[in-house]
Amino acid sequence: MSIEEKRQRIQPKNSKLSIQRQCELIGLPRSIYYRKGLTGQETPTNLEFMRLIDNEYTAHPFYGTRQIRNALRRNGYKINRKRVQRLMRKGAFPFSRFEKSLSLRTKNVIVSVR
């Protein structure tokens, strides 16, 4: 029996058996019974954000997650940077974190040894 079939067999309004006991009898973990939606699928709101991020990234490929977040906020969308990061990662955008290159700063510095 599939997980969906097991979920449908549970009767939440049953006064004789609790949900915990029904899950136990069927062999379904309660966490699976209460889980909303399927993992790996995005909500329509997130799909809309991914489309907006794609448009913004196409217009400004040098923008990072903070600037994309700021651009979306200027257009009236409430979104945080972590969500932008996750959606960009999921959308396979070719962005990378810029790291400070300390070796380039000290390239021309002469160090005297005594």
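Definitions and cut-offs
Residues numbered from 1 in each chain as written. Predicted model: local features only at pLDDT ≥ 70, side-chain atom pairs only at ≥ 80, totals over all residues. Heavy atoms only, no water. Helix = DSSP H or I, 4+ residues; strand = E, 2+ residues; numbered from the N terminus. Buried < 20%, exposed > 50% of the residue type's maximum accessible area, 1.4 Å probe, protein only. Contact = heavy atoms within 4.5 Å. Lys, Arg positive; Asp, Glu negative; His and termini not counted. Salt bridge = Lys/Arg side-chain N within 4 Å of Asp/Glu carboxyl O. Core = buried A, V, L, I, M, F, W, Y, C linked by side-chain atoms within 4.5 Å.

1. Here's the deal with the overall build of the chain
Piece 1. Assigned secondary structure in the chain consists of seven helices and zero strands.
Piece 2. Reading the chain from its N terminus to its C terminus gives the helix and strand order α-α-α-α-α-α-α.
Piece 3. Within the span of the chain, comprising 114 residues, buried residues form 25% of the whole.
Piece 4. Look at the contacts in the chain between residues 6 or more apart in sequence, and 39% of them connect residues 24 or more apart.

2. Some thoughts on the side chain of Lys6
Piece 1. By the secondary structure assignment, Lys6 is in helix α1 (residues 3-9).
Piece 2. Glu5 provides the closest opposite charge to the buried, unpaired Lys6, separated from it by 8.5 Å.

3. With respect to the nonpolar core
Piece 1. Ile53, Ile68, Leu72, Val84 and Met88 are the most contacted members of the largest nonpolar core, which totals 14 residues.
Piece 2. Secondary-structure elements contributing two or more residues to this core are α4 (44-59), α5 (65-74) and α6 (81-90).
Piece 3. Tallying contributions element by element places α4 first for this core, with five residues.
Piece 4. Those residues in contact with Leu72, other than ones at most four positions away along the chain, are Leu52, Ile53, Tyr77 and Ile79.
Piece 5. Counting five residues, the second largest nonpolar core, distinct from the first, contains Ile10, Ile19, Leu28 and Tyr33.

4. Digging into the pattern of salt bridges
Piece 1. Per the stated rule, a full pass over the model turns up five salt bridges.
Piece 2. Where Arg7 meets Glu4, a salt bridge forms, and the shortest distance between an N and an O atom there is 3.3 Å. With Arg7 and Glu4 both in helix α1 and three residues apart, this pair spans about one turn of that helix.
Piece 3. On the basis of relative accessible area, Glu4 is assigned to the partly exposed category, the value being 41%.
Piece 4. Of the charged contacts in the structure, one is a salt bridge between Glu42 and Lys90, with a shortest N-O distance of 3.3 Å.

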